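Descriptive analysis of the structure
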Amino acid sequence: MFLNHVPDKVIPAIASLPEHTELAIAVMHDNDVDCYGFIKEENTVSNKDNRLAAFEIGSVTKAFTGYVLTQLAHEEKIGLDDPIQRYLPFPILNAPPITLRHLAMHTSGVQRVPHDLEEQPDYDKDNPFVNYTEKHLVNYLTHHLHLDSLPGEKFQYSNLGSGLLSYIISKIEGIPFAEVVEERIFKPFNMQHSSFNIREVHTAIVRGIDDKGNFCTHWDGGILDGCLGIISTLEDMVSFTRAIYDPSNAVANLQAQETFTVDENVKANLGWNERLILPEDVRMQGINGGTGGYGASVLLNRQQRCAVGILSNIWPWHYMDVMYPVGKALLVELSKSVAVVR
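None of these values were measured; they are calculated from a predicted model.

The rules we used
- Residues numbered from 1 in each chain as written.
- Predicted model: local features only at pLDDT ≥ 70, side-chain atom pairs only at ≥ 80, totals over all residues.
- Heavy atoms only, no water.
- Pairing = 2+ DSSP bridges.
- Helix = DSSP H or I, 4+ residues; strand = E, 2+ residues; numbered from the N terminus.
- Axes fitted to C-alpha atoms, helices over the stretch in contact; angles between N-to-C directions.
- Contact = heavy atoms within 4.5 Å.
- Phe/Tyr/Trp six-rings, centres within 6.5 Å; stacked < 30°, edge-to-face > 60°.
- Buried < 20%, exposed > 50% of the residue type's maximum accessible area, 1.4 Å probe, protein only.
- Lys NZ or Arg CZ within 6 Å of the ring centre and 35° of its normal.

**Let's talk about the sheet that holds strand 3 (residues 44-47)**
- Reading across the sheet, the nine strands line up as 3-2-1-11-10-9-8-7-6 and stay open at both edges, with antiparallel pairing between neighbours. Among the strands making up the open sheet, the edge pair consists of strand 3 and strand 6 (260-263). The average undirected angle you get between the axes of adjacent strands in this sheet is 20 degrees.
- Pairing between strand 9 (residues 282-290) and strand 10 (residues 295-301): six bridges, direction antiparallel. Pairing of glycine 289 across the sheet is with alanine 296, part of strand 10.
- Of the strands in this sheet, strand 1 (22-29), strand 2 (32-41) and strand 3 are in contact with helix 1 (residues 6-15), which crosses strand 2 at around 25 degrees.

Shown next as C-alpha coordinates:
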(Lines give C-alpha, C1' and ligand atoms only; values in the text may rest on other atoms or scores of the structure.)
Protein backbone atom coordinates (compact mmCIF):
# COMPACT_ATOMS: atom_id res chain seq x y z
CA MET A 1 0.00 0.00 0.00
CA PHE A 2 2.02 2.98 1.27
CA LEU A 3 5.11 1.25 2.67
CA ASN A 4 6.53 -1.58 0.59
CA HIS A 5 9.63 -2.12 2.71
CA VAL A 6 8.14 -3.14 6.07
CA PRO A 7 9.88 -6.55 5.96
CA ASP A 8 13.21 -4.82 5.32
CA LYS A 9 12.72 -2.85 8.53
CA VAL A 10 11.40 -5.70 10.66
CA ILE A 11 13.37 -8.79 9.70
CA PRO A 12 16.81 -7.47 10.76
CA ALA A 13 15.28 -6.46 14.11
CA ILE A 14 13.79 -9.92 14.70
CA ALA A 15 17.11 -11.54 13.86
CA SER A 16 18.52 -10.33 17.18
CA LEU A 17 15.63 -11.77 19.20
CA PRO A 18 15.11 -15.29 20.66
CA GLU A 19 13.83 -18.36 18.87
CA HIS A 20 10.04 -18.50 18.47
CA THR A 21 9.76 -14.71 18.38
CA GLU A 22 6.53 -13.83 16.56
CA LEU A 23 5.19 -10.47 15.39
CA ALA A 24 1.94 -9.32 13.81
CA ILE A 25 2.06 -5.82 12.31
CA ALA A 26 -0.61 -3.66 10.70
CA VAL A 27 -0.07 -0.50 8.67
CA MET A 28 -3.32 1.48 8.34
CA HIS A 29 -4.67 4.52 6.56
CA ASP A 30 -8.39 5.29 6.52
CA ASN A 31 -10.02 1.98 5.53
CA ASP A 32 -6.90 0.51 3.93
CA VAL A 33 -4.84 -2.00 5.92
CA ASP A 34 -1.68 -3.97 5.17
CA CYS A 35 -0.91 -6.82 7.57
CA TYR A 36 2.44 -8.55 8.04
CA GLY A 37 3.34 -11.56 10.15
CA PHE A 38 6.79 -12.90 11.00
CA ILE A 39 8.21 -15.76 13.05
CA LYS A 40 11.79 -16.72 13.91
CA GLU A 41 12.44 -20.46 13.94
CA GLU A 42 15.75 -22.32 13.65
CA ASN A 43 17.47 -18.94 13.40
CA THR A 44 15.51 -18.06 10.27
CA VAL A 45 12.83 -15.38 9.96
CA SER A 46 9.87 -16.29 7.76
CA ASN A 47 6.44 -14.92 6.96
CA LYS A 48 3.40 -16.12 8.88
CA ASP A 49 -0.26 -15.22 8.53
CA ASN A 50 -1.06 -14.52 12.18
CA ARG A 51 -3.75 -11.86 11.90
CA LEU A 52 -6.12 -14.07 13.90
CA ALA A 53 -3.58 -15.23 16.49
CA ALA A 54 -4.06 -13.89 20.02
CA PHE A 55 -1.43 -11.97 22.03
CA GLU A 56 -1.53 -10.25 25.39
CA ILE A 57 -1.56 -6.49 24.76
CA GLY A 58 -0.53 -5.42 28.28
CA SER A 59 -0.89 -1.71 28.96
CA VAL A 60 -2.47 -1.03 25.57
CA THR A 61 -5.53 -2.05 27.62
CA LYS A 62 -5.34 1.41 29.22
CA ALA A 63 -6.51 2.98 25.94
CA PHE A 64 -9.68 0.87 26.22
CA THR A 65 -10.16 1.91 29.85
CA GLY A 66 -9.77 5.54 28.86
CA TYR A 67 -12.19 5.09 25.97
CA VAL A 68 -14.90 3.67 28.23
CA LEU A 69 -14.41 6.51 30.72
CA THR A 70 -14.72 9.01 27.87
CA GLN A 71 -17.90 7.29 26.66
CA LEU A 72 -19.40 7.76 30.14
CA ALA A 73 -18.38 11.43 30.11
CA HIS A 74 -19.78 11.91 26.60
CA GLU A 75 -23.07 10.36 27.77
CA GLU A 76 -22.99 12.68 30.82
CA LYS A 77 -23.13 9.71 33.19
CA ILE A 78 -20.07 11.10 34.95
CA GLY A 79 -17.93 14.21 34.99
CA LEU A 80 -14.21 13.82 34.39
CA ASP A 81 -13.54 15.97 37.45
CA ASP A 82 -15.81 13.96 39.71
CA PRO A 83 -13.96 12.84 42.86
CA ILE A 84 -13.42 9.09 42.84
CA GLN A 85 -14.69 8.88 46.42
CA ARG A 86 -18.19 9.54 45.04
CA TYR A 87 -18.18 6.13 43.37
CA LEU A 88 -16.53 4.07 46.11
CA PRO A 89 -18.57 2.52 48.97
CA PHE A 90 -15.66 2.82 51.43
CA PRO A 91 -13.54 5.76 52.60
CA ILE A 92 -10.10 6.30 51.06
CA LEU A 93 -7.33 6.87 53.59
CA ASN A 94 -6.80 10.60 54.23
CA ALA A 95 -9.47 11.50 51.63
CA PRO A 96 -7.12 12.64 48.81
CA PRO A 97 -8.88 14.81 46.19
CA ILE A 98 -8.31 12.36 43.32
CA THR A 99 -10.63 12.68 40.32
CA LEU A 100 -11.49 10.33 37.46
CA ARG A 101 -9.43 12.55 35.16
CA HIS A 102 -6.38 12.18 37.42
CA LEU A 103 -6.55 8.38 37.20
CA ALA A 104 -6.96 8.38 33.41
CA MET A 105 -4.06 10.80 32.87
CA HIS A 106 -1.68 9.28 35.45
CA THR A 107 -1.67 12.48 37.50
CA SER A 108 -3.29 11.09 40.66
CA GLY A 109 -0.02 10.67 42.58
CA VAL A 110 -0.89 7.00 43.11
CA GLN A 111 2.07 4.63 43.02
CA ARG A 112 2.87 2.45 39.99
CA VAL A 113 1.66 -0.67 41.84
CA PRO A 114 0.41 -1.24 45.38
CA HIS A 115 3.54 -1.11 47.54
CA ASP A 116 2.44 -4.27 49.34
CA LEU A 117 1.70 -6.27 46.18
CA GLU A 118 4.65 -8.63 46.55
CA GLU A 119 4.02 -8.99 50.29
CA GLN A 120 0.69 -10.78 49.81
CA PRO A 121 0.90 -14.43 50.92
CA ASP A 122 -0.54 -15.63 47.61
CA TYR A 123 1.63 -13.37 45.42
CA ASP A 124 2.74 -15.14 42.22
CA LYS A 125 5.83 -13.56 40.65
CA ASP A 126 5.04 -15.29 37.35
CA ASN A 127 1.51 -13.82 37.26
CA PRO A 128 1.72 -10.87 39.66
CA PHE A 129 -1.84 -9.50 39.52
CA VAL A 130 -3.81 -12.76 39.33
CA ASN A 131 -4.41 -13.10 43.07
CA TYR A 132 -4.84 -9.40 43.83
CA THR A 133 -8.54 -9.30 44.73
CA GLU A 134 -11.13 -6.69 45.58
CA LYS A 135 -10.46 -7.43 49.25
CA HIS A 136 -6.77 -6.58 48.79
CA LEU A 137 -7.59 -3.38 46.88
CA VAL A 138 -10.11 -2.14 49.44
CA ASN A 139 -7.73 -2.86 52.31
CA TYR A 140 -4.94 -1.00 50.52
CA LEU A 141 -7.03 2.06 49.75
CA THR A 142 -8.54 2.31 53.22
CA HIS A 143 -5.46 1.55 55.34
CA HIS A 144 -2.21 1.85 53.37
CA LEU A 145 -2.57 4.29 50.46
CA HIS A 146 -0.05 7.09 50.26
CA LEU A 147 0.58 9.42 47.33
CA ASP A 148 3.92 10.28 45.77
CA SER A 149 2.62 13.71 44.68
CA LEU A 150 -0.50 15.84 44.99
CA PRO A 151 -3.33 14.95 42.59
CA GLY A 152 -3.00 16.94 39.38
CA GLU A 153 0.55 18.05 40.17
CA LYS A 154 2.59 15.86 37.83
CA PHE A 155 2.54 12.84 35.54
CA GLN A 156 3.47 9.54 37.17
CA TYR A 157 2.66 6.34 35.31
CA SER A 158 0.49 4.08 37.45
CA ASN A 159 -0.88 0.59 36.83
CA LEU A 160 -2.65 0.88 40.16
CA GLY A 161 -4.32 4.12 39.04
CA SER A 162 -5.59 2.59 35.78
CA GLY A 163 -6.70 -0.56 37.57
CA LEU A 164 -8.54 1.51 40.16
CA LEU A 165 -10.23 3.43 37.34
CA SER A 166 -11.52 0.21 35.80
CA TYR A 167 -12.74 -0.92 39.23
CA ILE A 168 -14.65 2.36 39.63
CA ILE A 169 -16.14 2.01 36.13
CA SER A 170 -17.40 -1.45 37.10
CA LYS A 171 -19.09 0.10 40.15
CA ILE A 172 -20.66 2.84 38.01
CA GLU A 173 -21.98 0.36 35.44
CA GLY A 174 -22.92 -2.34 37.96
CA ILE A 175 -21.16 -5.17 36.11
CA PRO A 176 -17.55 -6.45 35.97
CA PHE A 177 -15.21 -4.26 33.94
CA ALA A 178 -14.59 -7.05 31.43
CA GLU A 179 -18.32 -7.09 30.65
CA VAL A 180 -18.34 -3.30 30.31
CA VAL A 181 -15.61 -3.46 27.65
CA GLU A 182 -17.34 -6.38 25.93
CA GLU A 183 -20.58 -4.41 25.58
CA ARG A 184 -19.09 -0.99 24.86
CA ILE A 185 -16.09 -1.84 22.65
CA PHE A 186 -15.62 -5.49 21.66
CA LYS A 187 -19.14 -6.04 20.30
CA PRO A 188 -19.67 -2.65 18.60
CA PHE A 189 -16.25 -2.83 16.92
CA ASN A 190 -16.69 -6.51 15.97
CA MET A 191 -13.67 -7.62 18.00
CA GLN A 192 -14.62 -11.29 17.99
CA HIS A 193 -11.40 -12.73 19.42
CA SER A 194 -10.69 -10.26 22.24
CA SER A 195 -11.23 -11.01 25.91
CA PHE A 196 -9.94 -10.48 29.44
CA ASN A 197 -10.24 -14.24 30.06
CA ILE A 198 -7.76 -16.49 28.29
CA ARG A 199 -10.22 -19.39 28.58
CA GLU A 200 -12.69 -17.44 26.43
CA VAL A 201 -10.24 -16.82 23.56
CA HIS A 202 -11.31 -19.14 20.74
CA THR A 203 -8.36 -18.73 18.43
CA ALA A 204 -4.69 -19.76 18.49
CA ILE A 205 -2.77 -18.09 21.33
CA VAL A 206 0.87 -17.18 20.74
CA ARG A 207 2.99 -18.17 23.74
CA GLY A 208 4.94 -15.41 25.46
CA ILE A 209 8.73 -15.42 25.77
CA ASP A 210 10.52 -14.18 28.89
CA ASP A 211 13.80 -12.29 29.27
CA LYS A 212 15.78 -15.54 29.03
CA GLY A 213 14.10 -16.67 25.82
CA ASN A 214 11.88 -19.27 27.50
CA PHE A 215 8.14 -19.65 27.13
CA CYS A 216 6.39 -18.11 30.12
CA THR A 217 3.01 -18.03 31.81
CA HIS A 218 0.02 -15.87 30.98
CA TRP A 219 -0.65 -12.72 33.03
CA ASP A 220 -4.12 -11.99 34.39
CA GLY A 221 -5.22 -8.52 35.42
CA GLY A 222 -7.16 -9.58 38.50
CA ILE A 223 -9.17 -6.75 40.05
CA LEU A 224 -6.82 -4.30 38.26
CA ASP A 225 -7.56 -5.69 34.79
CA GLY A 226 -8.13 -2.24 33.32
CA CYS A 227 -4.38 -1.68 33.38
CA LEU A 228 -3.24 -4.73 31.37
CA GLY A 229 -5.84 -7.48 31.04
CA ILE A 230 -6.83 -7.71 27.37
CA ILE A 231 -5.88 -10.54 25.01
CA SER A 232 -6.48 -9.67 21.36
CA THR A 233 -5.59 -10.28 17.73
CA LEU A 234 -4.15 -8.02 15.08
CA GLU A 235 -7.44 -8.07 13.16
CA ASP A 236 -9.36 -6.94 16.24
CA MET A 237 -6.82 -4.27 17.11
CA VAL A 238 -7.11 -2.89 13.57
CA SER A 239 -10.86 -2.49 14.14
CA PHE A 240 -10.28 -0.60 17.38
CA THR A 241 -7.51 1.58 15.96
CA ARG A 242 -9.46 2.61 12.88
CA ALA A 243 -12.34 3.65 15.13
CA ILE A 244 -9.95 5.80 17.18
CA TYR A 245 -8.59 7.79 14.23
CA ASP A 246 -12.03 8.19 12.63
CA PRO A 247 -12.65 11.97 12.77
CA SER A 248 -16.40 11.39 13.18
CA ASN A 249 -15.86 9.47 16.45
CA ALA A 250 -16.87 12.03 19.06
CA VAL A 251 -15.67 9.85 21.94
CA ALA A 252 -12.19 9.40 20.46
CA ASN A 253 -12.04 13.12 19.70
CA LEU A 254 -12.84 13.96 23.32
CA GLN A 255 -10.36 11.35 24.56
CA ALA A 256 -7.57 13.02 22.57
CA GLN A 257 -8.73 16.56 23.32
CA GLU A 258 -8.28 16.23 27.08
CA THR A 259 -4.58 16.70 27.82
CA PHE A 260 -2.01 17.15 30.58
CA THR A 261 1.38 18.59 29.62
CA VAL A 262 4.20 16.27 30.68
CA ASP A 263 6.97 18.22 28.94
CA GLU A 264 7.38 20.37 25.83
CA ASN A 265 6.98 17.37 23.51
CA VAL A 266 4.74 15.00 25.48
CA LYS A 267 1.13 15.20 26.68
CA ALA A 268 -1.10 12.72 28.44
CA ASN A 269 -4.59 12.01 27.11
CA LEU A 270 -7.37 9.94 28.66
CA GLY A 271 -5.63 6.58 28.30
CA TRP A 272 -3.08 7.59 25.65
CA ASN A 273 0.06 9.69 25.36
CA GLU A 274 0.84 12.25 22.66
CA ARG A 275 4.41 12.75 21.50
CA LEU A 276 5.73 15.32 19.07
CA ILE A 277 8.33 13.50 16.97
CA LEU A 278 11.06 15.87 15.80
CA PRO A 279 12.49 16.92 13.39
CA GLU A 280 9.71 15.30 11.33
CA ASP A 281 7.01 17.27 13.19
CA VAL A 282 4.68 14.28 13.50
CA ARG A 283 2.19 14.32 16.37
CA MET A 284 1.90 10.70 17.50
CA GLN A 285 -0.86 9.49 19.79
CA GLY A 286 0.27 6.14 21.12
CA ILE A 287 0.54 3.59 23.85
CA ASN A 288 2.88 0.65 24.47
CA GLY A 289 2.17 -2.44 26.51
CA GLY A 290 4.02 -5.35 28.02
CA THR A 291 3.45 -8.35 30.27
CA GLY A 292 5.81 -11.16 31.26
CA GLY A 293 6.32 -12.32 27.68
CA TYR A 294 4.62 -9.87 25.35
CA GLY A 295 5.12 -6.38 23.91
CA ALA A 296 2.64 -4.32 21.91
CA SER A 297 2.07 -0.84 20.49
CA VAL A 298 -0.67 1.18 18.85
CA LEU A 299 0.79 4.35 17.29
CA LEU A 300 -1.48 6.82 15.50
CA ASN A 301 -1.35 10.05 13.58
CA ARG A 302 -4.96 11.17 13.96
CA GLN A 303 -4.46 14.23 11.76
CA GLN A 304 -3.46 12.01 8.82
CA ARG A 305 -5.79 9.16 9.84
CA CYS A 306 -3.06 6.55 9.79
CA ALA A 307 -1.54 4.14 12.30
CA VAL A 308 0.89 1.30 12.96
CA GLY A 309 -0.09 -1.55 15.27
CA ILE A 310 2.31 -4.20 16.57
CA LEU A 311 1.62 -7.33 18.61
CA SER A 312 4.49 -9.57 19.69
CA ASN A 313 5.50 -12.32 22.10
CA ILE A 314 8.69 -10.44 23.04
CA TRP A 315 9.75 -9.70 26.62
CA PRO A 316 8.67 -6.06 27.03
CA TRP A 317 12.09 -4.49 27.60
CA HIS A 318 13.46 -6.25 24.52
CA TYR A 319 10.37 -5.05 22.68
CA MET A 320 10.91 -1.42 23.70
CA ASP A 321 14.58 -1.56 22.73
CA VAL A 322 14.09 -3.30 19.39
CA MET A 323 10.55 -3.03 18.01
CA TYR A 324 9.09 0.20 19.38
CA PRO A 325 11.69 2.31 17.51
CA VAL A 326 10.81 0.40 14.34
CA GLY A 327 7.11 1.06 14.85
CA LYS A 328 7.70 4.76 15.47
CA ALA A 329 9.88 5.05 12.35
CA LEU A 330 7.19 3.31 10.29
CA LEU A 331 4.55 5.75 11.53
CA VAL A 332 6.72 8.72 10.57
CA GLU A 333 7.25 7.30 7.09
CA LEU A 334 3.57 6.46 6.73
CA SER A 335 2.58 9.97 7.82
CA LYS A 336 4.87 11.51 5.20
CA SER A 337 3.58 9.15 2.53
CA VAL A 338 -0.05 9.94 3.30
CA ALA A 339 0.68 13.68 3.34
CA VAL A 340 2.24 13.45 -0.13
CA VAL A 341 -0.72 11.49 -1.51
CA ARG A 342 -3.11 14.11 -0.19
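Back to the text.
**Describing the packing of aromatic side chains**
- Applying the stated criterion across every chain yields a total of eight aromatic pairs.
- A centroid spacing of 6.2 Å and a plane angle of 70 degrees characterise the contact between phenylalanine 64 and phenylalanine 186, whose relative ring orientation is edge-to-face. Of this pair, phenylalanine 64 sits in helix 2 (residues 61-74) while phenylalanine 186 is found in helix 6 (residues 177-186), placing the two residues 122 residues apart along the sequence. Phenylalanine 186 shares its class with phenylalanine 64; the two are buried.
- Ring-pair connections join several aromatic residues into one group, and the members of that group are Phe64, Tyr67, Phe177, Phe186, Phe189, Phe196 and Phe240.
- Above the face of the phenylalanine 215 ring, arginine 207 is positioned so that its terminal group lies 4.1 Å from the ring centre.

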